[in-house]
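Structural description and commentary
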Amino acid sequence: MRRLVREPHEDWSETMNTHVASDQLREERDDIREGVDRETVEAVEAMAGKYKHGWETEIATEYAPKGLNEDIVRLISEKNGEPQWMLDWRLAAFARWQKMEEPDWAMLSYPKIDYQDQYYYARPVSMAEKPKSLDEVDPKLLATYAKLGIPLKEQAILAGVEVPEEERKVAVDAVFDSVSVGTTFKEELKKAGVIFCSISEAVREYPELVQKYLGTVVPQSDNFFATLNSAVFSDGSFVYIPEGTRCPMELSTYFRINAENTGQFERTLIIAEKGSYVSYLEGCTAPQRDTNQLHAAVVELVILEDAEIKYSTVQNWFPGDEEGKGGIYNFVTKRADCRGDRAKVMWTQVETGSAITWKYPSCILRGNESQGEFYSIAIANNMQQADTGTKMIHLGKNTKSRIVSKGISAGKAQNTYRGLVSVHPKATGSRNYTQCDSLLIGDQCGAHTVPYIEVRNNSSRCEHEATTSKVDDDQLFYCRSRGMDEEEAVALVVNGFCKEVLQALPMEFAMEAQSLVAISLEGSVG
C-alpha cells in the first residue's frame, strides 16, 4: 500500500492542483466509492478514539456459585421464578449438553474454554426486587444507561414513569448481565395487542405461547452452544405480534455484560402471526478486560402467512486489544422459520466486536413464495477472528433468498464467510442470489470464503458472486489529497464498500454502524 507522509506544515495546494483541479474535487467528493453520501463522510470524519464502551459499572452484584452443574441450572430457574415445565426443559438440555463435544470445524483458533470457570448467573443486588419508580432504581444503573446513550426520559420510562406520548419512538428492553432491568412501552403496545417483555416474564405470564414455540426453531439438540444456552439462558426478549397487526413502533433490546468472569446467555423469541409486521433492533457492549468472557445466545423467529420480521443487529462486544488480549467469545445461533406462504424475513447485521465470532443467522423458507434476505458487514481488525455467514434452506415452491455479505480484514485478523444455500426437490421455481465481497487492509490479514450450494431440482436458479480485493491506492491518494489522514481515508472507503448493507439498517442504527466502522478500523494502517 502506498504511504503518504504529511509534514505538519506542508502546503498541499500544489499537490492537489497537480492531480485534480479543486473544483472537480468538490464535485467528486461524494463519489469516492459508488456514491458515498455526505452523512457518511461527516460521520467518518467526526469519529475518533478506541472502544468507547470499555468502562465498568461498579455495583454490588449477586453471583451464582462458579461452575456448571444441575444445581446451577435449578438455581437459575428458581431465580427466574419459573414453573416446573421450564425447569424440566432446562435439565433435559443440560443432560444432553454433557454428552456433546465443542465443534472445531470453524476457521477459529482460541484456547480451550473451561466451562467450569464461569459464573452463569449475575445480577445487581438492587434488582432482587424490580423497582417501581425512578427513586427506587439504583443511581449507578441510571448512570450506566445515560453513559450508554439511553436518554434520561427513557430511564424514567424504564422505571415506570410516564412521559409525553409524542416523545416515544422505540420500545426498549434493557438487559444487564443476567436480568432485564426493564421494558418500555409495554402497556401501549398491549393496546395494539403486541406483547413485548423479557423472556423470563413471558415464561411466567404467557406460558402457553412460550411452550408452543420455544425450541421449535432452534431445538435443544441443535448444536453445542445452543444446547448450553437452552440449559442456562438468562434474560432476553419475547415478542408476539397478533394477526393483522403492524407493530406501532420499533422494538429494541440492549444487552450489557458488566460483571467479571460471567457469561451472558440471552434467549430471544419473536412470533409474527398471519399478516403482521415488526422491526426489531439489537445492540450490545461489554467492559474492556484482559480476560475473555463467554456469550452464547439463541434467537428464534417464527413468521406465519404474509407476515414479516426485520431483525437488525449492531454487535459491538469488546474485541480485545491490539495484541489479542481479552475480548468476548461470541457463539450465537439465530434462525428464522418462514412457516406460512409469502412469509418474509430480513436479517441485517454489523459485526465489529468480539475476539471470536461464530454466527450464522439462517432462514428456513418453508412456506410457498416465502422470502429470506441477509445483509452483513463483518469487520475483523488486530487479532480478531470471525467465522460468520448464513444458511438459506428452500423448502417451499417459488421461494426467494438474497445474501449480501461484506467482510473487511485488517491487522492480523482472519475473516471467514461460510454460507449454505440448499434448494430441496419440492422447492421448484426457487431463486437465490449471493454476493460475497472481501476487502483486505494490509498484508498480514486473511479473508476466506466457504460457500456450499445444493440445488436438487431443475427449475430453480442460484447465482453466486465473490470478490476479494484490497483498498484501492488511488482512492486513498485522492482522500489524502483532501487533507484526511490515512485512517480517515480508509474508513471512508470502507463505508462506501459497505454502503449496500448500511442502507438496509433502520435509521436508528445506520449512523451508529457507520461510526463503528471508523472506530473498528483504527490502527489498521500506518
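Things to note about the overall build of the chain
Helix and strand content of the chain: 15 helices and 22 strands. Counting every position in the chain, which comprises 526 residues, the buried fraction comes to 60%. Across the chain, the fraction of contacts at a sequence separation of at least 24, relative to all contacts at a separation of at least 6, is 84%. Working note: accessible area of the chain is about 21600 Å², and carbon and sulfur atoms make up 46% of it.

Regarding the packing of aromatic side chains
Here the structure, examined in full by the defined rule, presents 19 aromatic pairs. Look at W97 and F224: their rings are 5.5 Å apart centre to centre, the planes differ by 45 degrees, and that puts the pair in the tilted class. Linking W97 in helix α5 (residues 84-97) with F224 in helix α11 (residues 224-232), this pair joins segments that are 127 residues apart in sequence. The exposure classification of W97 matches that of F224, with both residues buried. Between F331 and W358, the aromatic rings sit 6.2 Å apart at their centres with planes inclined by 55 degrees, giving tilted as the arrangement. Taken together, the positions of F331 in strand β12 (residues 327-338) and W358 in strand β14 (residues 356-359) put the pair 27 residues apart, joining distant regions of the chain. Judged on exposure class, the residue F331 and its partner W358 are both buried. Aromatic ring contacts, followed pair by pair, group F94, W97, W105, Y110, Y115, F224, F225, Y329, F331, W358 and Y360 into a single cluster. For the cation-ring pair, R246 lies above Y277, with the distance from its terminal atom to the ring centre recorded as 4.0 Å. The aromatic ring of W55 is capped on one face by R256, whose charged end is 4.4 Å from the ring centroid.

Conventions used here
- Residues numbered from 1 in each chain as written.
- Predicted model: local features only at pLDDT ≥ 70, side-chain atom pairs only at ≥ 80, totals over all residues.
- Heavy atoms only, no water.
- Helix = DSSP H or I, 4+ residues; strand = E, 2+ residues; numbered from the N terminus.
- Buried < 20%, exposed > 50% of the residue type's maximum accessible area, 1.4 Å probe, protein only.
- Contact = heavy atoms within 4.5 Å.
- Areas by Shrake-Rupley, 256 points an atom, 1.4 Å probe, with all protein chains shown as cover.
- Phe/Tyr/Trp six-rings, centres within 6.5 Å; stacked < 30°, edge-to-face > 60°.
- Lys NZ or Arg CZ within 6 Å of the ring centre and 35° of its normal.

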